[in-house]
Protein chains: 2
Amino acid sequence: MQQLNRQELRQKLVSCSLKATHQRIVVYEALLGLHGHHPAAEEVYRLLKPANPSISLGTVYKILDVFAENGLVRRVFSEQGCKRYDANTMAHSHIYCSNTREIIDFEDPELEELLQGFFQRRNMQNFEMHSFAIQLTGNKKEPDQQVSITKL
Amino acid sequence: MQQLNRQELRQKLVSCSLKATHQRIVVYEALLGLHGHHPAAEEVYRLLKPANPSISLGTVYKILDVFAENGLVRRVFSEQGCKRYDANTMAHSHIYCSNTREIIDFEDPELEELLQGFFQRRNMQNFEMHSFAIQLTGNKKEPDQQVSITKL
DNA sequence: TTCCAGATAAGAATTTTTCTTATGTAAGAA
DNA sequence: TTCTTACATAAGAAAAATTCTTATCTGGAA
Ligand SMILES: [Mn+2]
Ligand SMILES: [Mn+2]
Ligand SMILES: [Zn+2]
Ligand SMILES: [Zn+2]
């Protein structure tokens, strides 16, 4: 997730055939800034409101929805139920920690390849697959510490 | 999903150390009857209300939540966001059809084994995994027809 | 510059979920 | 059987999450 300036953000929006409005730019910027945090619309709104007093919560919902529809961001589901968003559209998975209610990125190219390969071999009749997502649920043992993996 | 009579349902509940109240029995019965349908609380409520006029929506939410907490049923997340439930607790995956908003069972022992094996090999530090779930998103080509797989 | 399709603000409305509290009941004890 | 009590429920209020409506505004094309 490299830092993008406003002009680059603007171009990213245009490349998805979305009008590069101020609200869309700041929402996208906020999401990129919150990489790995997976905020809900409400959180994005709270973050933007001070510097953008005229933005409305409804607009934030709308924008996130449009972004997701256009593949600019990903929707991630929390065990709690509310929709959360992720500006990282690269193939990766998510861990939901029941303790802290965090959604943690789980980046494992080996897993993605394994699944990619599996679904390529599987021949699904009458279904056009757009994407797959895998989510783990469990608990951090030490809620303050990171989750990490070791390959055997 | 074999047909269970009320006495058997009662025992299933008791075996999860849940009191076998009338409401719990009818909710569980409804879920079993709707195998493969993955209803939301609201739908279970609508189904039960006519024969159980005194049941309340809040109670249905509570019961489904208690069931999921005790592993009697599974929570499945829809792309839309609302929680849906599945009485089939066997390892299986789900397909979300953006067209019809259906959640379709995707039973593939080979996939389950593949993932089971993967996570057994992966050593995750500071995280106790409870479960994993994989969901596909896409569209049925012929909305009325079934989705099926052919192994190559 | 002008124009207008489409985006936004604001707040109402709806939907989904949780909470509260008085009441009811399953199941074990007497 | 009757009593007891811990736990479950009903009902509706409340809260949280999301969508809708409409008047107004604006980005970007021409
Ligand atoms: Mn939230
Ligand atoms: Mn629903
Ligand atoms: Zn992520
Ligand atoms: Zn299922």
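Note that this is a predicted model, so its numbers are computed, not measured.

Parameters at a glance
Residues numbered from 1 in each chain as written. Chains lettered and ligands numbered in written order. Predicted model: local features only at pLDDT ≥ 70, side-chain atom pairs only at ≥ 80, totals over all residues. Heavy atoms only, no water. Phe/Tyr/Trp six-rings, centres within 6.5 Å; stacked < 30°, edge-to-face > 60°. Helix = DSSP H or I, 4+ residues; strand = E, 2+ residues; numbered from the N terminus. Buried < 20%, exposed > 50% of the residue type's maximum accessible area, 1.4 Å probe, protein only. Pairing = 2+ DSSP bridges. Axes fitted to C-alpha atoms, helices over the stretch in contact; angles between N-to-C directions. Donors = N, O, S within 2.8 Å, 3.2 Å for Na, K, Ca; no water. Least-squares fit on C-alpha atoms with pLDDT ≥ 70 in both. Contact = heavy atoms within 4.5 Å. UniProt positions renumbered as here; feature names shortened; annotations may be inferred. Near = heavy atom within 4 Å. Polar contact = N/O pair within 3.5 Å; in protein donor to acceptor, adjacent residues only side chain to side chain. Nonpolar A, V, L, I, M, F, W, Y, C, P; charged D, E, K, R; others polar.

Could you clarify how one ought to interpret the packing of aromatic side chains in this entry?
For any pair of aromatic rings, the description consists of the separation of the ring centres together with the inter-plane angle of the planes. On inspection of all chains with the given rule, the structure shows eight aromatic pairs over all chains. Their ring planes at 35 degrees and their centres at 5.3 Å tell us that Phe-119 of chain B and Phe-132 of chain B sit as a pair that is tilted. Of the two residues, Phe-119 of chain B sits in helix H5 (residues 109–121) while Phe-132 of chain B sits in strand S6 (residues 127–140), which places them 13 residues apart along the sequence. Across the pair, exposure class does not vary: Phe-119 of chain B and Phe-132 of chain B are buried alike. Through successive ring pairs, a cluster of aromatic residues spans Phe-106 of chain A together with Phe-118, Phe-119 and Phe-132 of chain B.

Can you help me understand the sheet that holds strand S6 (residues 127–140) of chain A in this one?
Two strands in a sheet stick together by hydrogen bonds in their backbones, pointing the same way (parallel) or opposite ways (antiparallel). Ordered by their spatial adjacency, six strands build an open sheet running S4(A)-S3(A)-S6(A)-S6(B)-S3(B)-S4(B), and the pairing between neighbours is mixed. Lying at the two open borders of the sheet, with one neighbouring strand each, are strand S4 (103–106) of chain A together with strand S4 (103–106) of chain B. Sheet twist, expressed as the average angle between the axes of neighbouring strands with direction ignored, equals 30 degrees. Across four bridges, the pairing between strand S3 (residues 93–97) of chain A and S4 of chain A is antiparallel.

I keep staring at the coordination of the zinc ion (ligand 3) and nothing clicks. Help me out?
Geometry sets the ideal angles at a metal, namely 109.5 degrees for four tetrahedral donors and 90 or 180 degrees for six octahedral donors. With distances of 1.9 to 2.3 Å, the protein atoms coordinating the zinc ion (ligand 3) are His-38 of chain A (NE2), Asp-86 of chain A (OD), His-92 of chain A (NE2), His-94 of chain A (NE2) and Asp-105 of chain A (OD). Residue His-94 of chain A is classed as buried on the basis of its relative accessible area, which comes to 5%.

Mind showing me how you'd approach the relation of the copies chain A and chain B here?
Least-squares fitting of chain A to chain B yields an RMSD of 0.2 Å, with the transformation described by 0.1 Å of translation along the axis and a rotation of 179 degrees. The transformation relating the two chain copies, once decomposed into turn and shift, fits a two-fold axis. When each C-alpha of chain A is compared by its distance to the rotation axis, Ile-134 of chain A comes out closest, at 2.1 Å. When the interface residues of chain A are mapped onto chain B, 100% of them again fall at the interface, so both copies present the same face.

For this particular structure, what's the right way to read the UniProt feature "binding site: Zn(2+)" (unreviewed entry) in chain A?
Residue and element names in this part refer to chain A. According to UniProt, the positions carrying the feature "binding site: Zn(2+)" (unreviewed entry) are Cys-97. Here Cys-97 shows up in strand S3. With sequence-adjacent residues up to four places away left out, Cys-97 is seen in contact with Glu-102, Ile-104, Gly-138, Asn-139 and Lys-140.

Explain the pairing of strand S1 (residues 74–77) of chain B here, please?
Consecutive side chains along a regular strand alternate between the two faces of the sheet. Residue and element names in this part refer to chain B. A two-sided burial pattern is seen for S1, the buried positions comprising Arg-74 and Val-76 on one face and Arg-75 and Phe-77 on the other. Pairing between S1 and strand S2 (residues 83–86): four bridges, direction antiparallel. Bridge pairing links Phe-77 to Lys-83 in S2.

Hey, could you run me through the protein's contact with DNA strand C in this one?
Taken together, 15 residues are adjacent to DNA strand C, and Thr-21, Gln-23, Ser-54 and Thr-59 of chain A together with Tyr-61 of chain B come closest. If you look at DNA strand C and keep only atoms within 4 Å of the protein, 79% of those are sugar or phosphate atoms. One nitrogen or oxygen atom from the main chain of Ser-54 of chain A is found 3.1 Å from a phosphate oxygen belonging to DNA strand C. In the environment of DNA strand C, a phosphate oxygen lies 3.4 Å from a nitrogen or oxygen atom belonging to the backbone of Lys-83 of chain B. Elements that contribute at least two residues to the surface near DNA strand C include exactly helix H2 (22–33) and helix H4 (57–69) of chain A together with helix H4 (57–69) of chain B. Looking at the surface near DNA strand C residue by residue, the class counts come to six nonpolar, five polar and four charged.

It is not clear to me how the protein's contact with DNA strand D should be interpreted in this structure. Could you clarify?
Every one of the 16 residues lining DNA strand D counts as a neighbour, but Tyr-61 of chain A together with Thr-21, Gln-23, Ser-54 and Thr-59 of chain B are closest to it. Across the atoms of DNA strand D situated within 4 Å of the protein, the share located in sugar and phosphate is 77%. In the environment of DNA strand D, a phosphate oxygen lies 3.0 Å from a nitrogen or oxygen atom belonging to the side chain of Tyr-61 of chain A. Contact between DNA strand D and Thr-21 of chain B: a phosphate oxygen at 2.7 Å from a side-chain N or O atom of the residue. Of all the secondary structure elements, the ones that give two or more residues to the surface near DNA strand D are H4 of chain A together with helix H2 (22–33) and H4 of chain B.

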